Amino acid sequence: MRMEALSKCLALTDDIFPKVQPHFYTWINRYGKNYLSWSSVRVELVTSDPELVKKLLRNSENFFPKRKLLDIGEKLLGNGLAFIEGEKWAKHRKLADKAFHGERLNNMTPTIIASVETMLEKWKTQESKEIESGEADSFGDDYLGLLVNAYHDWNDKNKLSLEDLVGECKTVYFAGQSILGSLNSWIVLHLAIHGDWQEKARREVIDIFGNQNPLLEGITKLKTMFMIINETLRLYGPINGLPREVAREVQLGKLVLPANIDILVLNSGLHRHPYLWGDDAHLFKPERFSERIAKATNDNATTFAPFGLGSRSCVGMTFAMIETKIVLSMILQRYTITLSPAYVHSPMPIISLVP
Ligand code: HEM
């Protein structure tokens, strides 16, 4: 079913669920928000039921740990924060929370702007340009700096092994390069298709920043962009399923789950249920987010989970939102985006959802 759906291109529609995840789409329609399926030799509970999802993700640590990565996954993505458990997770998460928070996050803005400038320069000249780097005594206070400092720490309690350091680098590289790249591509596509939203977003950027580089104070004022980003995350969220397993027998709502079965939290399903989002759930309508997210979700935060929920939710969420707003602002200040006549609409779920 999947192979057949993926082999076909789509018309320019946002109703991509039947193509990208045809099995989930068919089985949700046939069996409802919770059903069991077999994934190779393991049974898997697939859920897009907001009530169960809330309980599941809020109890991730005690009852519903992450599944172990397969060897190939570990080689590609690194056994970093997103995949580890227990004390090791708590130690790494503390470091990451520190790096992606407050002042440290603010300090990353000039680096993001510099790297977008390099990208735009490349667009102009089509030539690559090396980013200059300098020698430093300390390792900086961004996430990489904190990781390298921890690697050199004398105290065994804080120390990170070389393997852990490399694992975290792979995880963050994947998140920054693949996931953020995917989101930015889908937003740019939608700005090309919906010229009215592109114009609104550009007007807002010019009103707030003129032709100057974005400043952090202004970034929080980009309301139209906030709406466009969230609607794109709803329909084209790069991460479409959150895999867990059951650590020990547990009651979840009305279900009694035996130990060692798998669970898949289908956030793509949550984002598309017509009973949650209306009959136009499959349409790109950023105005859904014209007020707070709580308003768009009728105060049920579980129905919109592009960054996950609970203690294992995305540590890079604020960074991702800031970076996306800076990238889009700087593009909109310089370019009008149009759709290439050669564009073929064929979203593919290759770890993240890619064009
Ligand atoms: C649009 C961008 C992004 C999206 C949609 C996204 C989505 C997610 C989701 C859904 C999770 C939860 C996974 C689960 O519960 O199984 C997650 C976790 C995580 N994300 Fe992101 N992410 C994004 C960007 C980033 C960036 C830029 C970074 C790092 C710089 C990052 C680092 C992580 C890490 C380390 C975790 C694991 C957290 C933990 O388990 O404690 N993400 N992300």
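Residues numbered from 1 in each chain as written. Predicted model: local features only at pLDDT ≥ 70, side-chain atom pairs only at ≥ 80, totals over all residues.

Time to look at the overall build of the chain. Across its full length, the chain carries 17 helices and eight strands. Relative to the compact-globule value of 20 Å for 355 residues, the chain shows a C-alpha radius of gyration of 21 Å, a close match. Referenced to the eigenvectors of the C-alpha coordinate spread, the extents of the chain come out at roughly 55 × 55 × 40 Å. Within the chain, the proportion of its 355 residues that are buried is 33%. Pairs at least 24 apart in sequence give 69% of the contacts found in the chain among residues at least 6 apart. (Helix = DSSP H or I, 4+ residues; strand = E, 2+ residues; numbered from the N terminus. Rg over C-alpha atoms; globule rule 2.2 N^0.38 Å. Buried ≥ 20, exposed ≤ 12 C-beta atoms within 10 Å, placed from the backbone. Contact = placed C-beta atoms within 7 Å.)

Before going further, it helps to spend a moment on the environment of Pro-349. Topologically, Pro-349 is positioned in strand β7 (residues 348-350). By C-beta crowding, Pro-349 is classed as partly exposed, having 18 other C-beta atoms within 10 Å. As a C-alpha pair, Pro-349 and Lys-19 span 330 residues in sequence and 9.9 Å in three-dimensional space. When residues no more than four places from it in sequence are discounted, the contact partners of Pro-349 are Val-20, Gln-21 and Asn-240.

Every one of the 25 residues lining the ligand counts as a neighbour, but Ala-82, Ala-175, Gly-308, Cys-314 and Gly-316 are closest to it. Of all the secondary structure elements, the ones that give two or more residues to the shell around the ligand are α6 (86-99), α10 (162-193) and α17 (317-334). Tallied by class, the residues present in the shell around the ligand amount to 17 nonpolar, six polar and two charged. (Near = placed C-beta within 6 Å. Nonpolar A, V, L, I, M, F, W, Y, C, P; charged D, E, K, R; others polar.)

Here four strands make up an open sheet; going across it, the order is β1-β2-β6-β3 and the pairing mixed. Looking at which strands have only one partner, the edges of the open sheet turn out to be β1 (34-39) and β3 (242-245). Direction aside, neighbouring strands of the sheet carry axes that sit 30 degrees apart on average. (Pairing = 2+ DSSP bridges. Axes fitted to C-alpha atoms, helices over the stretch in contact; angles between N-to-C directions.)

Judged by which residues are buried, β3 turns out to be one-sided: Leu-242 and Arg-244 face inward and are buried, whereas Pro-243 and Glu-245, on the alternate face, are not. Two elements, β3 and strand β6 (residues 262-265), share four bridges in a ladder whose sense is antiparallel. Among the inter-strand pairings, Glu-245 is bridged to a residue of β6, identified as Asp-262.

For the pair helix α8 (residues 109-125) and α17, the least separation of the axes is 10 Å and the interaxial angle reads 40 degrees. Judged by the angle between their axes, α8 and α17 are oblique. The element α8 and its partner α17 pack so that their crossing is right-handed. Listed contacts from α17 to Ile-112, Ile-113, Val-116 and Leu-120 of α8 are Glu-323, Ile-326, Val-327, Met-330 and Arg-334. Looking at the contact of α8 with α17 residue by residue, the class counts come to seven nonpolar, no polar and two charged. (Parallel < 35°, antiparallel > 145°, perpendicular 65-115°, else oblique. Left-handed = near helix turned anticlockwise from the far one by under 90°.)

Attention now goes to the pairing of strand β2 (residues 42-47). Side chains on a regular strand alternate between the two faces of the sheet. As defined by bridge partners, β1 adjoins β2 across six bridges and the pair is classed as antiparallel. Looking at the pairing, Ser-37 lines up with Glu-44 of β2. Hairpin connection, β1 to β2: the antiparallel pair is bridged by two residues, and Ser-40 has positive phi, about 50 degrees. As paired strands, β2 and β6 are joined by four bridges and run parallel to one another. Within β6, the position partnered with Thr-47 by the bridge is Val-265.

Here the focus is the nonpolar core. Core analysis: the biggest nonpolar cluster contains 48 residues, and Tyr-143, Ile-187, Ala-201, Met-225, Ile-228 and Ile-229 have the highest contact counts within it. For this core, the elements supplying multiple residues, two or more each, are α6, α9 (143-151), α10, α11 (195-209), α13 (223-236) and α17. It is α17 that contributes the most residues to this core, 10 residues altogether. Ranked by size, the runner-up nonpolar core spans 21 residues in total, among them Tyr-25, Val-53, Leu-57 and Leu-264. (Core = buried A, V, L, I, M, F, W, Y, C linked by C-beta atoms within 7 Å.)

With that out of the way, let us pick up the UniProt feature "binding site: heme" (unreviewed entry) in the chain. In this structure's numbering, the residues bearing the UniProt feature "binding site: heme" (unreviewed entry) are Cys-314. Locating Cys-314 in the fold gives a position in the loop between α16 (293-296) and α17. Other than its neighbours up to four places away in sequence, Cys-314 contacts Phe-307 and Gly-308. (UniProt positions renumbered as here; feature names shortened; annotations may be inferred.)

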